[in-house]
Each structure stands twice: as structure tokens, then as C-alpha cells.
Amino acid sequence: FNALYLVNILAFYNTKCYLQSKYQSLLLIFNIMFEKINQLVKENIKNEVFLNAGLTVNVIEAACHEASGVIIDVMKSQLDNGKAKDLMSFFKGKKFEHDLLVGIMVKKYANRLNKYHGLNNAISYDISKSIIPSVMKKLVAETSADKKEEKGIFAILNWLGGYNVNFEEFFLKMNTLKMA
């Protein structure tokens, strides 16, 4: 073995360990955020609504995860489509943005209830409309109260964006540019 070969092996190993550690940290943060949203969903779901719609108790948990997934999907798609400002407006309580995003979430969740759980369109839409708006209202209230905390809006935006952008700095720079 020559020294350069050994240095390359050590560098590769250290990089691999660093990436593994970073990946595990991101996975932990994802689980925390997902569980927080899922907890809000569970607090707003009434089992009787699903049971009356013909779903079994075993399927209700999956329906909760589906609602959480829809919320995350829609917010992430906003960021992916360059609509971070719209998403920020949503969390600041702008009615138009709120109605638009919640409407998208309600329709998407209703479609998933219909597709994956066999509920008819009217029932799945009613269930979706009874859950998603109240969950989002609570999520907005929590993130507004904890702006700099782990549950704050910037933490959620950074998480949804895969930590590729620091949204707190991003919006600070945007506001600075507007003032100039």
C-alpha cells in the first residue's frame, strides 16, 4: 500500500460516515415532522366517520397516514414549483392562499380515499373536508406561534425543501430587496 491509497481510503470512509450521519439526521427530522402532522390529523379524525363510511378499524390508521402524506405532498409541490412565497403567505394567514391550498389538499385526499379505500366521491370529499381544513388551521396556528422553533414555519419550509435552502435567510433577503 502506498500512502496516497491509504489517504484516499480514509477520506472515502470519512465522507461515507459523514453522509450516513447527515442522512440519519435528516431521516430523524423527517420522522419528527411527519409525526407532528400525523398527530394533528389523528386529533381531528373521528373514527365514527370512517366506520360509517364502511372502513374497518384497521384501515383508519392508513387513512390518517394518507391525510398526512397529502398535506406534505401539496406543500412540497408548492416549493418544488417555485411557490415558496405563496406557501409563506399561506402560513401568514392570507385567506386566498389558505383557501387555494386547502382546496387542493381536500381534493387530493378525497381522491386517495376514493382510489385506495373504495369510498364513493361524495363520501370521500365530505370526510376530506371535515379533516384537512381543521388540521391546516392548527398547523398554521402552531407554526405562527413557534417561528424560530423546530415546529416553526422556517423549520417546515427547510424540511420540505430538503435543507437545500435556508428559508429564513431567503425571505430576509427577499424583504431586503423589496425595500431597496
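Residues numbered from 1 in each chain as written. Predicted model: local features only at pLDDT ≥ 70, side-chain atom pairs only at ≥ 80, totals over all residues. Heavy atoms only, no water.

Scanning the chain from terminus to terminus reveals eight helices and zero strands. Seen in sequence order, the chain has helices and strands lined up from the N terminus as α-α-α-α-α-α-α-α. Taken across its 180 residues, the chain has 36% of its residues classed as buried. For the chain, the share of sequence-separated contacts (at least 6 apart) that also reach a separation of at least 24 residues comes to 64%. Looking at the chain as shown, the accessible area adds up to about 11200 Å², and 58% of this sits on carbon and sulfur atoms. (Helix = DSSP H or I, 4+ residues; strand = E, 2+ residues; numbered from the N terminus. Buried < 20%, exposed > 50% of the residue type's maximum accessible area, 1.4 Å probe, protein only. Contact = heavy atoms within 4.5 Å. Areas by Shrake-Rupley, 256 points an atom, 1.4 Å probe, with all protein chains shown as cover.)

Between two packed helices, both the angle of their axes relative to each other and the distance between the axes serve to describe the pair. At their nearest, the axes of helix α3 (residues 57–80) and helix α4 (residues 84–91) sit 7 Å apart, and the two run at 135° to each other. Classified by the angle their axes make, α3 and α4 are oblique. For the pair α3 and α4, contact is made by M75, Q78 and L79 and by A84, D86, L87 and F91, respectively. Residue composition of the contact of α3 with α4, grouped by class: five nonpolar, one polar and one charged. (Axes fitted to C-alpha atoms, helices over the stretch in contact; angles between N-to-C directions. Parallel < 35°, antiparallel > 145°, perpendicular 65-115°, else oblique. Nonpolar A, V, L, I, M, F, W, Y, C, P; charged D, E, K, R; others polar.)

Looking now at the nonpolar core. Core analysis: the biggest nonpolar cluster contains 41 residues, and F50, I71, M75, Y109, I132 and M136 have the highest contact counts within it. Put simply, the parts of the chain that give this core at least two residues each are α1 (3–44), α3, α4, α5 (95–117), α6 (121–145) and α7 (153–160). The element contributing the most residues to this core is α3, with ten residues. Apart from the residues within four sequence positions on either side, I71 is in contact with I37, V41, M105, I132, V135 and M136. (Core = buried A, V, L, I, M, F, W, Y, C linked by side-chain atoms within 4.5 Å.)

Quick look at the environment of K107 now. Tracing the backbone shows K107 in helix α5. Under the relative-accessibility criterion, K107 is labelled exposed at 54%. Sequence spacing of K107 and S124 is 17 residues, and the spatial spacing of their C-alpha atoms is 9.1 Å.

Chain-level pLDDT for the chain is 76 on average; 63% of the residues reach the 70-or-more range. The least confident element of the chain is helix α8 (residues 167–179), whose mean pLDDT is 59; the most confident is α5, at 89. (pLDDT = per-residue confidence, 0-100.)

All right, on to α3 then. Over its 24 residues, α3 extends 35 Å from the first C-alpha to the last, a length consistent with the 34 Å expected when each residue adds 1.5 Å. With its phi angle positive at about 75°, G82 sits one or two positions after the end of α3. (Expected span 1.5 Å × (residues − 1).)

As for its placement among the helices and strands, N52 is situated in helix α2 (residues 47–52). A C-alpha to C-alpha distance of 9.9 Å links N52 and I123, two positions 71 residues apart in sequence.

A separate point is α4. With six of eight residues buried, α4 lies mostly within the body of the structure. Buried within α4 are the following residues: A84, L87, M88, S89, F90 and F91. Count one or two residues on from α4 and you reach G93, which has phi positive near 95°.

With respect to the element layout, S124 can be found in helix α6. Of the residues examined, S124 reaches a relative accessible area of 1% and is grouped as buried. A distance of 3.2 Å separates a polar side-chain atom of S124 from the backbone oxygen of A110. (Polar contact = N/O pair within 3.5 Å; in protein donor to acceptor, adjacent residues only side chain to side chain.)

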